[in-house]
Amino acid sequence: MERPEACPHVPSCDLYPQFQFASNLAMWRERYCNGRFANCARFKLSEQGERPPAALLPNGTLLKKVK
Amino acid sequence: MRYWPWWLGGLALTAVSLAHWFLLRRMFAVSSRVNALVDDARARLAGEAPMSQDELEAALAAATRDEFGVDVQPAAAKPPARHDLLFVLGIMGGGLLAALTTGSFRPGGISGELFQRCFGRSLDLQLATLLAGGVLVGFGTRMAGGCTSGHGLSGLSRLQPGSALATVAFFGTAAAVSLLLGAW
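Bear in mind the structure is a predicted one, so any value in this text is a computation, not a measurement. (Residues numbered from 1 in each chain as written. Chains lettered and ligands numbered in written order. Predicted model: local features only at pLDDT ≥ 70, side-chain atom pairs only at ≥ 80, totals over all residues. Heavy atoms only, no water.)

### Here we look at the overall build of chain B
As a reminder of what qualifies: Helix numbers and strand numbers start at the N terminus; a helix is a DSSP run of H or I with at least 4 residues, a strand a run of E with at least 2. Throughout, the radius of gyration refers to the C-alpha atoms, and the reference size of a globule is 2.2 Å times the residue count to the power 0.38. Three labels apply to residues, based on accessible area from a 1.4 Å probe with only protein chains included: buried if under 20% of the type maximum, exposed if over 50%, partly exposed otherwise in between. We call two residues contacting when some pair of their heavy atoms lies within 4.5 Å. Residue-level accessible areas treat just the shown protein chains as cover; the underlying method is Shrake-Rupley with a 1.4 Å probe. Positive charges come from Lys and Arg, negative ones from Asp and Glu, while His and the chain ends are left out of the count. We put the charge of a Lys on NZ, of an Arg on CZ, of an Asp on CG and of a Glu on CD.
Within chain B, the regular secondary structure consists of eight helices and zero strands. Listing each helix as α and each strand as β along chain B from the N terminus yields α-α-α-α-α-α-α-α. Computed over the C-alpha atoms, the radius of gyration of chain B is 20 Å, more than 25% above the 16 Å expected from 2.2 N^0.38 for a compact globule of 184 residues. Over its C-alpha atoms, taken along the principal directions, chain B stretches across nearly 65 × 40 × 35 Å. Each of the 184 residues in chain B was classed as buried or not, and the buried ones make up 26%. Restricting to contacts in chain B with at least 6 residues of sequence separation, those with at least 24 account for 54%. When the accessible surface of chain B is totalled, it reaches about 12000 Å², and 70% of it is carbon and sulfur. For chain B, the distance from the average site of its 14 positive side-chain charges to the average site of its 12 negative ones is 12 Å.

Printed below as a string of structure tokens:
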């Protein structure tokens with residue numbers, strides 16, 4: 001089976017490493033980073049030459065501190 | 001100027017890249033680490049405290065619950081605290097170690113013979129040249145979406161065509177400029 005293409009911005013992505021630490025966070029990686037990265041909000045910003053905010057999630061929402 | 005032999009440099013870069021991956025689960029890329037450090041400093045100066053690793057994990061767990069409807073299990077491993085700062089300090093420490101072990105360490109010296117021949121012996125001019133070079137490197141790095149380590153080590157090892165092109169541009173230009181300055 002052919003491996004899906006990975007996002008070219010993985011080496012510079014601030015959020016990608018976080019998806020490696022806890023097993024359930026790999027869902028983000030599978031949904032966005034490996035294959036359908038064109039849907040990722042971080043990918044879209046990077047393609048425009050902008051640096052995505054560290055708190056921007058692939059689905060376009062911003063991470064918020066949990067109180 | 002004396003350097004480590006090429007094979008020792010290659011082994012050291014491999015070790016650093018692998019350690020970086022296993023400790024941080026992150027591809028080795030110097031410019032993105034420096035960017036993260038600058039972003040962190042900018043946020044602190046603006047009075048916005050960046051999220052700690054624990055706060056980030058809690059926020060990611062909540063976002064994952066919203067997106068996928070699952071609870072996130074606690075991570076078995078975590079990146080070391082202040083790893084961006086440690087990384088940049090490590091680059092300086094590594095350079096010092098290499099200079100000491102090859103006997104080429106000179107306190108106060110910021111440039112080699114070729115540099116002085118091309119840009120003179122004035123400290124002000126040398127510092128201005130280094131600053132201008134740094135700005136140009138930073139500009140090129142942003143334009144190329146990565147630096148020599150990100151594209152040359154991490155990108156090439158992932159067989160990324162864009163990284164291959166960027167690496168050819170980096171090293172082709174460096175070799176051409178070096179030959180040009182050497183002939184000057």
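### Some details on the confidence of the model for chain B
Threshold: What pLDDT expresses is the predictor's confidence in each residue, scored from 0 to 100.
Averaged over all residues, the pLDDT of chain B equals 86, while 97% of them reach at least 70. Quick note on the complex model: pTM equals 0.72, ipTM equals 0.86.

### Overview of the interface of chain B and chain A
Test applied: Take the accessible area each of two parts loses on contact, using a 1.4 Å probe, and add the two losses: that sum is the buried area. Here a salt bridge means any side-chain nitrogen of Lys or Arg lying within 4 Å of a carboxyl oxygen belonging to Asp or Glu. What qualifies as a polar contact is a pair of N or O atoms within 3.5 Å, subject to a donor-acceptor requirement within protein and to the restriction that residues adjacent in sequence count only when both atoms come from side chains. Residue polarity is assigned by list, with Asp, Glu, Lys and Arg as charged and Ala, Val, Leu, Ile, Met, Phe, Trp, Tyr, Cys and Pro as nonpolar; anything else, Gly included, falls into the polar class.
Taken together, the contact between chain B and chain A spans 37 residues of the former and 28 residues of the latter. Summed over both sides, the interface of chain B with chain A buries roughly 2800 Å², with 61% coming from carbon and sulfur. It is L60(B), E67(B) and F68(B) in chain B that bury the most area against chain A; as a group they hold 21% of the surface buried on that side. Of the charged contacts in the structure, one is a salt bridge between K65(A) and E55(B), with a shortest N-O distance of 3.8 Å. Where chain B meets chain A, there are seven residue pairs in polar contact (both at pLDDT 80 or more). Elements that contribute at least two residues to the side of chain B that touches chain A include exactly α1 (6-24), α2 (30-45) and α3 (53-68) of chain B. A total of eleven residues in the side of chain B that touches chain A trace back to one element, the largest contributor, which is α3(B). Of the residues that constitute the side of chain B that touches chain A, the class distribution is 21 nonpolar, six polar and ten charged.

### A look at unusual backbone geometry
Residue and element names in this part refer to chain B. The backbone of R25 sits at a positive phi, close to 55°, despite the residue not being glycine. If you trace the backbone, R25 turns up in the loop between α1 and α2. Using a relative accessible area of 23% as the deciding quantity, one classes R25 as partly exposed.

### Quick word on the packing of aromatic side chains
Under the convention used in this document: Note on ring pairs: Phe, Tyr and Trp rings are taken, using the six-membered ring of Trp, and paired if centres are within 6.5 Å. Classes follow the plane angle, with under 30 degrees stacked, over 60 edge-to-face and the rest tilted.
Under the defined criterion, the tally for this structure stands at six aromatic pairs over all chains. Consider the rings of W28(A) and F68(B), whose centres lie 5.1 Å apart with planes at 90°: the pair is edge-to-face. Taken together, the residues W28(A) in helix α2 (residues 26-33) and F68(B) in helix α3 connect one chain to another. Where F115(B) meets F119(B), the ring centres are 5.1 Å apart and the plane angle is 50°; that geometry is what we call tilted. Here F119(B) and F115(B) lie together in helix α5 (residues 113-119), a separation of four residues that amounts to about one turn. By relative accessible area, which is 19% here, F115(B) ends up buried.

### Considering the pattern of salt bridges
Between side chains of opposite charge, pairing is possible as soon as their charged atoms come close. All told, the structure shown has eleven salt bridges over all chains when counted by the stated rule. Taken together, the shared-partner salt bridges connect D14(A), R51(A), R26(B), R33(B), D39(B), R42(B) and D84(B) into one network.

### A few points about the packing of α2(B) against helix α4 (residues 83-101) of chain B
All names here are of chain B. Note the cut-off: Where helices are involved, their axes are fitted lines through C-alpha atoms of the stretch in contact, as for all axes, and angles between N-to-C directions lie from 0 to 180°. Convention used here: angles under 35 degrees read as roughly parallel, angles over 145 as roughly antiparallel, angles from 65 to 115 as roughly perpendicular, and any remaining angle as oblique. Handedness of a crossing is defined here by the sense of rotation of the near helix relative to the far one, left-handed for an anticlockwise turn of less than a right angle and right-handed for a clockwise turn.
Where α2 contacts α4, the axes come no closer than 9 Å and their chain directions differ by 125°. Relative to α4, the element α2 is oriented oblique. When the axes of α2 and α4 are compared, the crossing they make is left-handed. For the pair formed by α2 and α4, the contact residues are V30, R33, V34, A36 and L37 on the first element and H83, D84, L85, F87, V88 and I91 on the second. Tallied by class, the residues present in the contact of α2 with α4 amount to eight nonpolar, one polar and two charged.

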